[in-house]
Amino acid sequence: MPAVSDRLPTFPWDKLQPYKKTAAAHPDGIVDLSVGTPVDPVPEPIQKALIAAADSPGYPTVWGTPELRDAITRWVEHRLGAREVTHRHVLPVVGSKELVAWLPTQLGLGPGDKVAYPRLAYPTYEVGARLARADHVSYDDPTELDPAGLKLLWLNSPSNPTGRVLSKEELTRIVAWAREHGVLVFSDECYIELGWEADPVSVLHPDVNGGSYDGIVSVHSLSKRSNLAGYRAAFLAGDPAVLGPLLEIRKHGGMMTSAPTQAAVVAALGDDEHVRVQRERYAARRTVLREALLAHGFRIEHSEASLYLWATRDESCWDTVAHLAGLGILVAPGDFYGPAGAQFIRVALTATDPQIQAAANRLTAT
């Protein structure tokens, strides 16, 4: 039998290893700005909630505790402006990457079905389609796609990697088009609390969806806003007609968020202060890195939100990666996110303040 891995592209990060070695050889050490993994502490109230729930010998439920579902519904209404959200409108998941990778399979998609995602996008959207043996297509404007056979449309605002934010008007137009053609919309909004020069809007907002959640689901993660990447904590919110069957499938598959993690998520969603503090950290780092990159001759496009700067020197992204590796700075090449990124790099803000300053000093000194 053919291996499932044969359906998948080469894992992109493996290609970066030689450049990581070069950067690590810098006399003052490597500054790794390639992967958006949090480096700041997990807020103390969240740690305490996790510890308090550590004695959890029984199996957790896939749907989560009532307290978790209450916390999610409150947050969705309070933070996103959604209305009349019930437990049927929400579903915890084991980190958002797991959901993205296995969603087409769990939706029952296969050969002849199409999955669409932005032309510059998180690679796991394509991986999910490949795992399901579905077709996949990228877009600049989804409303220009041929809707025939299109079963799943991924939106991503704020975008990884570009930081681009879709306006309320754009989202409204896309949702209306998808509904007209019977296309299911999943909106990846994992960076929605990290808008800098734009105020990201959710597809759950009534101005976008007209007060109906039919055919739309939003994806949210606590990895970045609460530094919980190590906890694997995320959730879905939207159409109960989609989430109900997913819940049943995930029950059979045993896709359960651990009980201590569920308790930690309740604490995280109930506290806005730690999000404000973390936003301030990232905003300061963004300012330092942005000014240094501009001084070094880069042009920055989009980047009005999220945890990355999308930058170019109008050359091959791999030439730029090699150049920066020589300065001890590791970044992600833009073609990891699609051919349209061939002349760009993605620079993550997820490094400590001293590391960010060290990178800025190296950029401005040359």
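Residues numbered from 1 in each chain as written. Predicted model: local features only at pLDDT ≥ 70, side-chain atom pairs only at ≥ 80, totals over all residues. Heavy atoms only, no water.

Student: In this structure, what is going on with the nonpolar core? I would like to understand it.
Tutor: By size, the foremost hydrophobic cluster in this structure holds 66 residues, and its most contacted members are Leu33, Trp154, Phe186 and Leu236. Excluding its chain neighbours within four sequence positions, the residues that come into contact with leucine 236 are His89, Val90, Leu91, Val93, Leu99, Phe186, Val217, Ser218, Val219, Leu243 and Leu246. By size, the runner-up hydrophobic cluster in this structure holds 42 residues, among which are Leu80, Leu150, Val175 and Ile216. (Core = buried A, V, L, I, M, F, W, Y, C linked by side-chain atoms within 4.5 Å. Buried < 20%, exposed > 50% of the residue type's maximum accessible area, 1.4 Å probe, protein only. Contact = heavy atoms within 4.5 Å.)

Student: Sorry, what's going on with the pattern of salt bridges here?
Tutor: Pairing between side chains of opposite charge can happen when the charged atoms of each approach one another. Counting across every chain of the model gives 19 salt bridges. A salt bridge links arginine 276 to glutamate 273; the shortest N-O distance between them is 2.4 Å. Of this pair, arginine 276 and glutamate 273 both sit in helix H10 (residues 273-295), separated by three residues, roughly a single helical turn. Glutamate 280 is the partner of arginine 276 in a salt bridge, and the nearest nitrogen-oxygen pair spans 2.6 Å. Of this pair, arginine 276 and glutamate 280 both sit in helix H10, separated by four residues, roughly a single helical turn. Judged by its relative accessible area of 38%, arginine 276 is partly exposed. Taken together, the shared-partner salt bridges connect Asp40, Arg285 and Asp353 into one network. (Salt bridge = Lys/Arg side-chain N within 4 Å of Asp/Glu carboxyl O. Helix = DSSP H or I, 4+ residues; strand = E, 2+ residues; numbered from the N terminus.)

Student: How should I be thinking about the pairing of strand E13 (residues 344-348) in this particular structure?
Tutor: For a regular strand, side chains alternate in direction, first toward one face of the sheet and then toward the other. Counting buried positions along E13 gives five out of five residues, so the element sits mostly inside the fold. Where burial is concerned, the two faces of E13 agree: the one with Phe344, Arg346 and Ala348 and the one with Ile345 and Val347 are both buried. The pairing of strand E10 (residues 308-312) with E13 spans five bridges and is classified as antiparallel. Each residue of the ladder has a partner; that of tryptophan 310, found in E13, is arginine 346. As defined by bridge partners, strand E12 (residues 332-333) adjoins E13 across two bridges and the pair is classed as antiparallel. (Pairing = 2+ DSSP bridges.)

Student: When you look at helix H3 (residues 66-80) in this model, what are you seeing that I'm missing?
Tutor: The α-helix winds at 3.6 residues per turn, so residues separated by three or four positions along the chain end up facing the same way. Counted at 1.5 Å a residue, the expected span for H3 with its 15 residues is 21 Å, and the 20 Å between its end C-alpha atoms agrees. Taken together, the buried positions of H3 are occupied by Leu68, Arg69, Ala71, Ile72, Thr73, Trp75, Val76 and Leu80. Of the surrounding secondary structure, the elements contacted by the buried residues of H3 are strand E2 (90-93), strand E7 (216-221), strand E8 (234-238) and helix H9 (259-269). (Expected span 1.5 Å × (residues − 1).)

Student: Is there a simple way to think about the environment of alanine 54 in this case?
Tutor: Mapped onto the elements of the fold, alanine 54 is located in the loop between helix H2 (44-52) and H3. Taking relative accessible area as the criterion, alanine 54 reaches 54% and is therefore assigned exposed. C-alpha separation for the pair alanine 54 and threonine 261, spaced 207 residues apart in sequence, amounts to 9.2 Å.

Student: Would you explain the packing of helix H4 (residues 96-106) against helix H5 (residues 124-131) in this entry?
Tutor: Each pair of packed helices can be summarised by the angle the axes make with each other and by the distance between the axes. Close contact between H4 and H5 brings their axes to 6 Å; oriented N to C, the two are set at 35 degrees. For the crossing formed where H4 meets H5, the hand is right-handed. Within the contact between the two elements, H4 uses Lys97, Val100, Ala101, Trp102, Pro104 and Thr105 and H5 uses Thr124, Tyr125, Gly128, Ala129 and Leu131. The class makeup of the residues in the contact of H4 with H5 is seven nonpolar, three polar and one charged. (Axes fitted to C-alpha atoms, helices over the stretch in contact; angles between N-to-C directions. Left-handed = near helix turned anticlockwise from the far one by under 90°. Nonpolar A, V, L, I, M, F, W, Y, C, P; charged D, E, K, R; others polar.)

Student: Quick question: what am I supposed to make of the sheet that holds E8 here?
Tutor: Strands belonging to one sheet form pairs held by backbone hydrogen bonds; the direction of such a pair is parallel or antiparallel. The strand order across the open sheet built from seven strands is E2-E8-E7-E6-E5-E3-E4, with neighbouring strands paired in mixed fashion. Among the strands making up the open sheet, the edge pair consists of E2 and strand E4 (135-139). Here the strands of the sheet are splayed against their neighbours by 20 degrees on average, with no regard to which way each runs. The pairing of E2 with E8 spans four bridges and is antiparallel. Among the inter-strand pairings, valine 93 is bridged to a residue of E8, identified as alanine 234. Helix-sheet contacts for H4 involve E2, strand E3 (114-118), strand E5 (150-156), strand E6 (184-188), E7 and E8, and the interaxial angle to E5 is about 160 degrees.

Student: Please clarify how the packing of aromatic side chains should be interpreted in this entry.
Tutor: Inspection of the entire model under this criterion finds twelve aromatic pairs. With centroids separated by 5.1 Å and ring planes inclined at 80 degrees, the aromatic side chains of tryptophan 13 and phenylalanine 336 adopt a geometry described as edge-to-face. Of this pair, tryptophan 13 sits in the segment before helix H1 (17-24) while phenylalanine 336 is found in the loop between E12 and E13, placing the two residues 323 residues apart along the sequence. Take tryptophan 13: its relative accessible area is 22%, and that puts it in the partly exposed class. Ring centres of tryptophan 154 and phenylalanine 186 lie 5.6 Å apart, and the angle between their planes is 65 degrees; this geometry places the pair in the edge-to-face category. Remark: phenylalanine 186 occurs in strand E6 and tryptophan 154 occurs in strand E5; sequence separation between them is 32 residues. A relative accessible area of 0% places tryptophan 154 in the buried class. Among the aromatic side chains, those forming a connected cluster through ring pairs are Trp13, Tyr19, Trp310, Trp318, Phe336, Tyr337 and Phe344. The side chain of arginine 69 reaches across the aromatic face of tryptophan 63, ending 3.8 Å from its centre. Above the face of the tyrosine 308 ring, arginine 346 is positioned so that its terminal group lies 3.8 Å from the ring centre. (Phe/Tyr/Trp six-rings, centres within 6.5 Å; stacked < 30°, edge-to-face > 60°. Lys NZ or Arg CZ within 6 Å of the ring centre and 35° of its normal.)

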